[in-house]
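Spelled out from the first residue to the last, the chains are:
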Amino acid sequence: MTPEALAPRLPSPLEEVTDERFARHGVRLLLKRDDLIHPALVGNKWRKLVPNLRAAAGRPVLTFGGAYSNHLRATAAAGRLLGFPTIGVVRGDELAGRPLNDSLARCAADGMRLHFVDRATYRRKSDPEVLAGLLGLLAPGAYVVPEGGSNSLAAQGCTELGAELRGSTDVAAVACGTGGTLAGLAAGLGPAQRAIGVPVLKGGFLAGEVDALQRAAFGGPRGTWTLDDRFHFGGYARVPPELEAFARDFEDRHGVGVERVYVAKVLFALHALTQEGSFTPGTTLTAVITGRP
């Protein structure tokens, strides 16, 4: 791996924002600016992908995602920067005959080969038979990175995020898609700290995923973590008017761009939990900013 190509800004900045909606409850709010780690591999994508790229050792990388996947974009960018082939298996064969959206167009521009599959096949992408068929068709011998980049190596990579927050916060919150960042964050925090995961998808499946990731990465549960499933706003990439208004207001108050799919939901969740009295006065909260608008 070329160190210059993926040189990160670590530890990522930790910034306090003054917000009376939190202050009136005696709560401090910090932003962990993982969005500033690297210009192409933003936030948790850098932390999750780099350990997997080391394991790939220059082989082609095959991975999975939806039409607007941040993970696909980050993998394609890494392939361009480091000079290895990337293949993205995209959910939805109906997209194959349409013009590429901005996200997939960026993947293609970075050299990623896109392969569209129907949704039933995509749901079975982890089945050995389906995966073997995809590898045989697209890239025999490729290194496989799962959807969202979440596997045991990714969880291990995200422990440094927790370690960077030791001594700085009581609660660290992160929006969750596949659970890898939460699994590593909780493992890296100190014993008096806890992590909150805010799922951005419906379904209530993430607790089992995070538990499985921690067992694979660390041999068992690590750290203190919980999930709050109330803030998905209807599902992935759903941004109803209430969430949009909150995000715009936060941007106006603090001059920080708020990414809508993940970051807006974790900030909204921390605000709602604070108003509910979930945090005792004197608590320091940290929102992990995992992406840019």
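Residues numbered from 1 in each chain as written. Predicted model: local features only at pLDDT ≥ 70, side-chain atom pairs only at ≥ 80, totals over all residues. Heavy atoms only, no water.

Caption draft 1: Region of the structure containing the overall build of the protein. When its secondary structure is counted, the protein shows 11 helices and 10 strands. Taking all 293 residues of the protein together, the buried fraction comes to 54%. Here the contacts in the protein between residues at least 6 apart in sequence split such that 73% fall between residues at least 24 apart. Averaging the coordinates of the 33 positive side-chain charges in the protein and doing the same for the 29 negative ones gives two points 3 Å apart. (Helix = DSSP H or I, 4+ residues; strand = E, 2+ residues; numbered from the N terminus. Buried < 20%, exposed > 50% of the residue type's maximum accessible area, 1.4 Å probe, protein only. Contact = heavy atoms within 4.5 Å. Lys, Arg positive; Asp, Glu negative; His and termini not counted. Charge placed at Lys NZ, Arg CZ, Asp CG, Glu CD.)

Caption draft 2: Just the packing of helix α8 (residues 180-188) against helix α9 (residues 206-218), in detail. One way to put it is that α8 packs onto α9 with a least axis distance of 9 Å and a crossing angle of 55 degrees. By the criterion of interaxial angle, the relationship of α8 to α9 is oblique. Relative to α9, α8 is oriented so that their crossing is right-handed. Residues Gly180, Leu182, Ala183, Gly184, Ala186 and Ala187 of α8 pack against Val210, Leu213, Gln214 and Phe218 of α9. For the contact of α8 with α9, the per-class residue count stands at 7 nonpolar, 3 polar and no charged. (Axes fitted to C-alpha atoms, helices over the stretch in contact; angles between N-to-C directions. Parallel < 35°, antiparallel > 145°, perpendicular 65-115°, else oblique. Left-handed = near helix turned anticlockwise from the far one by under 90°. Nonpolar A, V, L, I, M, F, W, Y, C, P; charged D, E, K, R; others polar.)

Caption draft 3: Structural context of helix α2 (residues 44-56). Under the 1.5 Å per step criterion, the end-to-end length of α2 is 19 Å for 13 residues, consistent within 8% with the ideal 18 Å. A maximum bend of about 25 degrees is found in α2 at Val50, where proline Pro51 lies one to four positions downstream. Along α2, the residues classified as buried are Asn44, Lys45, Trp46, Arg47, Lys48, Leu49, Val50, Pro51, Asn52, Leu53 and Ala56. Those residues of α2 that are buried lie in contact with β2 (28-32), β3 (61-65), α3 (70-82), β6 (143-144), α7 (152-164) and α8. (Expected span 1.5 Å × (residues − 1). Bend = angle between axes of the 7 residues up to and from the residue.)

Caption draft 4: Geometry of the packing of aromatic side chains. For the structure on display, the rule yields 6 aromatic pairs. On the numbers, 6.3 Å between centres and 35 degrees between planes, the contact of Phe246 with Phe250 is tilted. Of this pair, Phe246 and Phe250 are both found in helix α10 (residues 241-254), 4 residues apart, which corresponds to roughly one turn of the helix. Using a relative accessible area of 8% as the deciding quantity, one classes Phe246 as buried. Since its relative accessible area comes to 1%, Phe250 is described here as buried. Among the aromatic residues, those joined into a ring-pair cluster are Phe231, Phe233, Phe246, Phe250 and Phe268. (Phe/Tyr/Trp six-rings, centres within 6.5 Å; stacked < 30°, edge-to-face > 60°.)

Caption draft 5: Here's a closer look at the pairing of strand β4 (residues 86-91). Most of β4 sits out of view: 5 of its 6 residues are buried. Note that β3 and β4 share 5 bridges and pair parallel. Of the residues in β4, the one forming a bridge with Thr63 is Gly88. Taken together, β3, α3 and β4 form a β-α-β motif whose crossover is right-handed. Strand direction decides the pairing type here: β4 and strand β5 (residues 113-117), joined by 5 bridges, are parallel. Bridging across to β5, Val90 finds its partner in Phe116. (Pairing = 2+ DSSP bridges. Right-handed = clockwise from strand over helix to strand, strands pointing away.)

Caption draft 6: Up close: the environment of Arg215. Assignment of secondary structure puts Arg215 in helix α9. For the pair Arg215 and Ala183, spaced 32 residues apart in sequence, the C-alpha separation works out to 9.5 Å. Leaving out residues up to four positions away in the same chain, Arg215 has contacts with Gly220 and Pro221. Among the polar contacts made by the side chain of Arg215, one reaches the side chain of Asp211 at a distance of 2.9 Å. (Polar contact = N/O pair within 3.5 Å; in protein donor to acceptor, adjacent residues only side chain to side chain.)

Caption draft 7: Here's a closer look at helix α4 (residues 102-109). Among the residues of α4, those classed as buried are Ser103, Leu104 and Cys107. For α4, the buried positions fall inside an angular range of 90 degrees around the axis, keeping them on one side. Seen from the open side of α4, the exposed residues pointing more than 90 degrees away from its buried face are Asp102 and Ala109. The inward-facing, buried residues of α4 contact α3, β4 and β5. Trailing α4 by a residue or two, Gly111 shows a phi angle of about 95 degrees, which is positive. (Arc of directions from axis to C-beta.)

Honestly, it's all geometry; don't read function into it.
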